[in-house]
Amino acid sequence: MKTKNRGLVVVLAGLGVNLMLGTLYAWGVIAKALRSEFGWTATQTQIPYMVACALFAFSMVPGGKLQDKLGPRFVIMISSILAGIGLVLSGYILTLPALVIGFGLIFGMAMGMGYAAPTPAAIKWFHPTQKGIISGIVVSGFGLAPVYVAPLTTYLIETQGVAKTFYILGIAFFTGIMLLAQLINNPPLNYEPPQPKKVSAKKTSISSNSLDYNWKETLKTKQFYMIWTIFCFGTFAGLLVIGQLSNIGLEQAGIQKAFTLTIIYAIFNALGRISWGVISDSIGRKNSLLAMYFIQVIAFALMPFFTNPFTLTLGIATVGFTFGGMLTVFPAITADYYGMKNFGLNYGLVITAWGIGGVFGPLLGGIVRDLTGTYTYSYIVSAILSLLGAIISLKISSPQSKTMENSEQQPVGYVNINAAN
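Counting restarts for each chain: residues are numbered from 1 in the order of the written sequence. Totals for whole chains, interfaces and linings use all residues, but because this is a predicted model, local features are given only for residues with pLDDT of at least 70 and pairs of side-chain atoms are given and counted only at 80 or more. Hydrogens and waters are ignored; side-chain quantities use all the structure's heavy atoms.

1. Some details on the overall build of the protein
At step 1: Each helix corresponds to a stretch of at least 4 residues labelled H or I by DSSP, and each strand to a stretch of at least 2 residues labelled E; elements are numbered beginning at the N terminus. A count of helical and extended segments in the protein gives 21 helices and zero strands.
At step 2: Burial here depends on accessible area, computed with a 1.4 Å probe over protein chains only, as a share of the maximum for the residue type. Under 20% is buried, over 50% is exposed, and the range in between is partly exposed. Buried positions account for 58% of the 421 residues belonging to the protein.
At step 3: Pairs of residues are marked as contacts when any of their non-hydrogen atoms sit within 4.5 Å. Counting only contacts in the protein whose residues sit at least 6 apart along the sequence, the fraction spanning at least 24 positions is 85%.
At step 4: Shrake-Rupley sampling with a 1.4 Å probe provides the accessible areas, and residues are treated as covered by the protein chains on show and by no other component. Total accessible area on the protein stands at roughly 16,200 Å², and carbon and sulfur atoms take up 68% of it.

2. Section: empty space enclosed by the protein
At step 1: Cavity and pocket criteria rest on a 1 Å grid covering protein atoms alone: a 1.4 Å probe that fits but cannot get out defines a cavity, protein on both sides within 12 Å along at least 5 of 7 lines defines an open pocket, and an atom within 4 Å of a point defines a lining residue. Grid points are joined across faces, edges and corners, and a volume is the space filled by probe spheres set on the points. Taken as a whole and judged by the stated rule, the model has one cavity of 30 Å³ or more.
At step 2: In this structure, the largest cavity encloses a volume near 80 Å³.
At step 3: Along its surface, the largest cavity is lined by Met-60, Gly-64, Tyr-115, Ala-116, Thr-119, Pro-120, Val-139, Leu-327, Pro-331, Phe-343, Gly-344 and Tyr-347.
At step 4: Listed by contribution, the elements that provide at least two residues to the lining of the largest cavity are helix H4 (60-70), helix H6 (96-116), helix H7 (118-124), helix H17 (309-338) and helix H18 (343-350).
At step 5: Element by element, the count of residues in the lining of the largest cavity is highest for H18, at three residues.
At step 6: Its residues assigned to classes, the lining of the largest cavity comprises nine nonpolar, three polar and no charged. Gly counts as polar in this scheme, as do all residues outside two lists: the nonpolar Ala, Val, Leu, Ile, Met, Phe, Trp, Tyr, Cys and Pro, and the charged Asp, Glu, Lys and Arg.

3. Some thoughts on a nonpolar patch on the surface
At step 1: On the surface, Tyr-377, Ile-380, Ile-384, Leu-387, Leu-388 and Ile-391 cluster together into a nonpolar patch covering about 560 Å² of accessible area.
At step 2: Here Leu-388 is to be found in helix H20 (residues 376-393). Surface patches are defined over residues having more than 30% relative accessible area and no salt bridge, joining like charges when they lie within 9 Å and nonpolar side chains (Val, Leu, Ile, Met, Phe, Trp, Tyr) when within 5 Å. Salt bridges, as used here, are contacts in which a Lys or Arg side-chain nitrogen is within 4 Å of a carboxyl oxygen on Asp or Glu.

4. A closer look at the packing of aromatic side chains
At step 1: Ring pairs are drawn from Phe, Tyr and Trp, using the six-membered ring of Trp, whenever the two centres fall within 6.5 Å, and their geometry is named by plane angle: stacked under 30 degrees, edge-to-face over 60, tilted for the rest. Evaluation of the coordinates by the stated rule reveals 13 aromatic pairs.
At step 2: Here Trp-276 and Phe-321 contribute two aromatic rings whose centre-to-centre distance is 6.0 Å and whose plane-to-plane angle is 50°, an arrangement assigned as tilted. Linking Trp-276 in helix H15 (residues 260-283) with Phe-321 in helix H17, this pair joins segments that are 45 residues apart in sequence.
At step 3: Phe-321 gets classed as partly exposed once you look at its relative accessible area, which sits at 26%.
At step 4: Grouping aromatic residues by their ring pairs yields a cluster made of Phe-56, Tyr-115, Phe-142 and Trp-354.

5. Thoughts on the side chain of Gln-296
At step 1: Within the element layout of this structure, Gln-296 appears in helix H16 (residues 285-302).
At step 2: Within the structure, Gln-296 has its side chain in polar contact with the side chain of Thr-322 (distance 3.0 Å).
At step 3: The residues touching Gln-296, leaving out its near neighbours within four places in the chain, are Val-319, Thr-322, Phe-323, Met-326 and Ser-386. Any pair of N or O atoms that falls within 3.5 Å is considered a polar contact. Within protein, one atom must be able to donate a hydrogen and the other to accept it, and sequence-neighbouring residues count only if both atoms are side-chain atoms.

6. Considering the nonpolar core
At step 1: By size, the foremost hydrophobic cluster in this structure holds 112 residues, and its most contacted members are Phe-330, Tyr-347 and Trp-354.
At step 2: A domain split of this core shows at least three residues from each of domain 1 (1-188) and domain 2 (214-398).
At step 3: Those residues in contact with Phe-330 that sit more than four places away from it in its chain are Ile-227, Ile-230, Phe-231, Leu-289, Tyr-293 and Tyr-347.
At step 4: Residues grouped as a nonpolar core are buried Ala, Val, Leu, Ile, Met, Phe, Trp, Tyr and Cys residues, joined through side-chain atoms within 4.5 Å. Counting residues in hydrophobic clusters, the runner-up holds six residues, among them Met-50, Leu-55, Val-100 and Val-359. Each domain span listed reflects an automatic or database assignment of domains.

7. Details of helix H10 (residues 162-181)
At step 1: Between the first and last C-alpha of H10 there are 28 Å, a value that for 20 residues agrees with the 28 Å anticipated at 1.5 Å per step.
At step 2: Looking at H10, one finds that the buried residues are Val-162, Thr-165, Phe-166, Leu-169, Gly-170, Phe-173, Gly-176, Ile-177, Met-178, Leu-180 and Ala-181. A helix's residues, less one, multiplied by 1.5 Å, set its expected span.

8. So, unusual backbone geometry
If a residue is not glycine, its phi is most likely negative; likewise, a peptide bond is most likely trans.
At step 1: Of note in the backbone geometry, Asn-190 takes a positive phi value of approximately 65° without being a glycine.
At step 2: Examined against the element boundaries, Asn-190 turns out to sit in the loop between H10 and helix H11 (201-207).
At step 3: Assessed through its relative accessible area of 76%, Asn-190 is described here as exposed.

9. A few points about H18
Given 3.6 residues to a turn, an α-helix orients residues that are three or four positions apart in the same direction.
At step 1: In terms of residue burial, H18 counts as a mostly covered element, since eight of its eight residues are buried.
At step 2: Of the positions making up H18, those classed as buried are Phe-343, Gly-344, Leu-345, Asn-346, Tyr-347, Gly-348, Leu-349 and Val-350.

10. What about the layout of surface pockets?
At step 1: Roughly 650 Å³ of internal volume is contained in the largest pocket.
At step 2: Lining the largest pocket are 20 residues, with Lys-124, Pro-187, Tyr-191, Pro-193 and Met-340 sitting closest to its centre.
At step 3: Classifying every residue of the lining of the largest pocket gives nine nonpolar, six polar and five charged.
At step 4: When we break the lining of the largest pocket down by domain, the ones giving at least three residues each are domain 1 (1-188) and domain 2 (214-398).

11. Focus: the packing of helix H13 (residues 222-242) against H18
At step 1: Remark: H13 packs on H18, axes separated minimally by 9 Å, with the N-to-C direction vectors making an angle of 55°. Looking at the two axes, H13 sits oblique to H18. Along its contact with H13, which presents Phe-224, Ile-227, Trp-228 and Phe-231, the element H18 presents Tyr-347, Leu-349 and Val-350.
At step 2: Looking at side-chain class alone, the contact of H13 with H18 contains seven nonpolar, no polar and no charged residues. As a rule, the C-alpha atoms of each element are fitted with a line to give its axis, helices using only the stretch in contact, and angles between N-to-C directions run from 0 to 180 degrees. Here is the rule for angles: anything less than 35 degrees is roughly parallel, anything more than 145 is roughly antiparallel, 65 through 115 is roughly perpendicular, and the remaining ranges are oblique.

12. With respect to the pattern of salt bridges
At step 1: One pass over the full model with this rule turns up three salt bridges.
At step 2: A salt bridge links Arg-35 to Glu-251; its shortest N-O distance comes to 3.9 Å. Here Glu-251 lies in helix H14 (residues 245-253) and Arg-35 lies in helix H2 (residues 27-38), a separation of 216 residues in the sequence.
At step 3: Assessed through its relative accessible area of 37%, Glu-251 is described here as partly exposed.

13. As for the environment of Gly-324
At step 1: Within the element layout of this structure, Gly-324 appears in helix H17.
At step 2: Through-space distance from the C-alpha of Gly-324 to that of Trp-276 is 8.3 Å; in sequence the pair is 48 residues apart.
At step 3: Beyond its immediate chain neighbours, meaning those up to four positions away, Gly-324 contacts Asn-269, Gly-272 and Arg-273.

Right, dumping it as structure tokens:
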């Protein structure tokens with residue numbers, strides 16, 4: 001197979017893996033069933049979800065390290081096994097502790113391991129100027145998954161019950177991910193990706209990166225902590241409401257079909273991942289982050305006033321579009337700033353911010369709903385965090401440019417990428 005086509009196969013297979021692992025974003029449908037059929041509180045329904053968010057993020061550190069050393073295929077195969085075990089166990093013992101272990105711990109680890117591997121592999125097959133768009137296509141599967149998982153899960157719950165739904169999804173995802181893993185690998189050593197025809201020399205020099213940071217060097221830069229912080233803020237703000245979309249739609253705007261908002265969110269989340277990949281390749285990561293956080297400030301500030309289906313759908317679509325973009329821009333800026341050699345582990349460290357936000361965001365959202373009977377205060381918190389994210393993003397710059405400012409001799413092949421970011 002030609003290397004050009006091989007790279008496309010890796011991208012599409014990675015997209016497919018994420019389409020199955022993105023079940024996380026359809027949790028709102030399962031949470032609604034747990035509340036209506038088993039009498040769980042809003043807070044209880046968010047505990048397995050927040051544990052899954054945490055394990056998803058933190059398992060990307062070992063997953064990224066294994067990907068860097070052993071390649072993506074082995075890591076994705078582990079992910080498929082964990083996904084099957086976690087979902088089947090969740091259905092076999094349908095209690096809160098069992099869902100925390102099965103869905104939260106085991107399936108959460110499956111998501112992290114599986115998510116960590118396809119994107120680095122896909123990026124390596126393409127030119128550095130295409131980091132954003134390639135990242136966006138691969139990770140868009142994770143955001144797009146609820147488009148089919150939400151109605152499928154709703155149908156299965158209504159016809160088969162919650163327990164059998166977990167069984168069916170577990171077996172299907174184990175099989176699908178295992179098969180797709182066979183199509184994903186890194187390019188050969190010394191592989192030079194072709195340069196796109198319509199790329200200016202200026203853009204090529206800006207997007208190229210010859211300095212590779214290991215994880216210890218990455219943690220010594222202040223930029224890492226700035227990126228980590230605003231990623232955490234953005235995740236906290238987004239997941240505060242995403243885990244309860246079905247209930248928000250019903251209680252705030254009278255939307256009866258549980259999966260409607262979940263599907264709308266998923267479509268715009270996926271569109272955001274691809275669109276912001278293209279945008280960030282054009283205007284730079286820093287400007288893209290600033291724009292995304294500013295849009296979210298407006299969306300969350302207005303959200304309490306969206307009390308009919310049209311306006312609430314518009315608000316959720318906006319949040320999905322910008323939140324999805326973050327999952328594209330943050331891996332791209334990590335690759336820009338710290339190089340591709342150790343990208344798996346370095347981005348694994350960055351995305352732990354997603355885990356922290358994923359733990360405390362849904363938990364706070366559930367607690368606020370139980371205590372106040374409304375989601376207004378959750379929206380206010382999300383708006384404030386988004387504003388802080390916008391402010392901090394103004395201060396971010398490439399660590400390599402700072403390193404060179406204090407060095408009398410630049411390393412061979414050094415390129416300043418700060419101009420675009």
